[in-house]
Amino acid sequence: MDAPNADDTPETPPGEADRPAVAHAPLPPFHQGQLDVFCAVYAVVNALRSVHPVGIGQARRLFNEVLLDLARDADGLRAVLYNATDHDALVRAVLDRAGRDVADLRVVRPFAGSPALRVTGRVGPDASGGHCPPARKTHGPDAAAQPTPRVVWETLAGWLAGGPARAAALRFHRYLPFRGDPVVSHWTAAGRLLGDTLFLHDSSREPNAIHSMERGGFVTAPEHLCDDRLLLVEPRCLYLMEVER
C-alpha cells in the first residue's frame, strides 16, 4: 500500500520453493512482505500471476531487477521510498521488465489521457446518512473529462471477459466520512468478476483491507464521494494486460 502503515508486514520464511502452476485456477496472490513493501509492484506481479505461472523466485528476481533499474535515478528512487509519488512510473517499470523477463505482454491503458486526481483535501459535502448525489460530468485540472464509474467498470469487465490470459492492475483511494484525505491509497490486481462483484487478487493482509469492489460502489472523481461511495478509483491508473501465448 501507499499508506505509511503498510511497512510492517512480515517477510516470507526463507527457502520457500517455487510452486508449480495450477492449470484450472490462479495461484494465490503474494502478500506484501514476501517480496518487499511496494503495493504497485505486487499489483502487477499478482495480476500477471493470476493468469500466468509466476513462482516466488521468479517474482523476487523481477522485483530486484526493477529496483536496480529504479536505483539508477536517485530522485525517482527517493520518491518511491518516501511515498512522494503515485507509483504510476513504478507500475510501468514493472510491466516493462515483466514483458522482457517473464512473458510477452500486451498492455492497454484505456484512460491514459485522463487527468490526475486531487485526492487529498477534497472539497464537497459529505452525505451524513444520505444517498450519493447524481453523478455529473467531471473535469480534472487540465479540463479533460473524467470517465464515469460506469465507463470504467464496463471497460474493465469487458477486458476481463475477453479471455483467460487477461488481467488488470488499478489504483484506488479509500476514504472515511468527513475526512478530507484518503485513509489509504493502494494499487491492487483485479481478480475474478462474478456478476456485479469484482474480487481482487490483492497483496494486503491488513484486517481492513479491501478484497472486492461492487459495480456502482465507487466513484471516479473526489467530488462524488459520499457515505454510500467512499472508494475512489483513479481511471488513468487502470492498466489492462494480456499474456500473448
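Predicted model only: the values in this text are computed from it and were never measured. (Residues numbered from 1 in each chain as written. Predicted model: local features only at pLDDT ≥ 70, side-chain atom pairs only at ≥ 80, totals over all residues. Heavy atoms only, no water.)

**Focus on the nonpolar core**
Soluble globular proteins tend to bury their nonpolar side chains together.
Then step 1. Counting residues in hydrophobic clusters, the biggest one holds 37 residues, and the most contacted among them are L90, V94 and W187.
Then step 2. Every element with two or more residues in this core is listed here: α1 (39-49), α2 (56-71), α4 (88-101), β2 (166-174), β3 (184-194) and β7 (239-243).
Then step 3. Ranked by residues supplied to this core, first place goes to α1 with nine residues.
Then step 4. Beyond its immediate chain neighbours, meaning those up to four positions away, V94 contacts V41, V44, V45, L62 and V66.
Then step 5. F111, V152, L170 and L238 belong to the second-largest nonpolar core, a separate cluster that totals 20 residues. (Core = buried A, V, L, I, M, F, W, Y, C linked by side-chain atoms within 4.5 Å. Buried < 20%, exposed > 50% of the residue type's maximum accessible area, 1.4 Å probe, protein only. Helix = DSSP H or I, 4+ residues; strand = E, 2+ residues; numbered from the N terminus. Contact = heavy atoms within 4.5 Å.)

**Considering the packing of aromatic side chains**
Then step 1. Under the counting rule described, the total for this entry stands at three aromatic pairs.
Then step 2. Taking NZ or CZ as reference, R192 lies 5.5 Å from the ring centre of F199, over its face. (Phe/Tyr/Trp six-rings, centres within 6.5 Å; stacked < 30°, edge-to-face > 60°. Lys NZ or Arg CZ within 6 Å of the ring centre and 35° of its normal.)

**Section: the pattern of salt bridges**
Then step 1. Per the stated rule, a full pass over the model turns up 13 salt bridges.
Then step 2. Across the pair R72 and D69 runs a salt bridge whose closest N-O atoms are separated by 2.7 Å.
Then step 3. Note on R72: relative accessible area 67%, which makes it exposed.
Then step 4. D69 sits in the partly exposed class, given a relative accessible area of 26%.
Then step 5. For E234, the salt bridge is made with R171, and the minimal N-O distance between the two is 3.2 Å. Of this pair, E234 sits in the loop between β6 (231-233) and β7 while R171 is found in strand β2, placing the two residues 63 residues apart along the sequence. The two residues E234 and R171 agree in class, both being buried.
Then step 6. One connected set of salt bridges, linked through shared partners, spans D69, R72, R97 and D101. (Salt bridge = Lys/Arg side-chain N within 4 Å of Asp/Glu carboxyl O.)

**Considering the pairing of β3**
On a regular strand, one side chain projects to one face of the sheet and the next to the other, so that they alternate.
Then step 1. Alignment of β2 against β3, held across seven bridges, turns out to be antiparallel. Its bridge partner being in β3, A168 is matched across the sheet by A190.
Then step 2. Alignment of β3 against strand β4 (residues 197-200), held across three bridges, turns out to be antiparallel. Its bridge partner lying in β4, L193 is registered against L198.
Then step 3. In this structure, the hairpin formed by β3 and β4 is closed by a connection of two residues, where G195 is found at a positive phi of approximately 60°. (Pairing = 2+ DSSP bridges.)

**Some details on the packing of α2 against α4**
Then step 1. Where α2 contacts α4, the axes come no closer than 10 Å and their chain directions differ by 125°. Taken as axis vectors, α2 and α4 run oblique relative to one another. For the pair α2 and α4, the crossing hand works out as right-handed. In this structure, α2 uses Q58, L62, E65, V66, D69 and L70 to contact α4, whose residues at the interface are L90, A93, V94, R97, A98, R100 and D101.
Then step 2. Among the residues forming the contact of α2 with α4, the class breakdown is seven nonpolar, one polar and five charged. (Axes fitted to C-alpha atoms, helices over the stretch in contact; angles between N-to-C directions. Parallel < 35°, antiparallel > 145°, perpendicular 65-115°, else oblique. Left-handed = near helix turned anticlockwise from the far one by under 90°. Nonpolar A, V, L, I, M, F, W, Y, C, P; charged D, E, K, R; others polar.)

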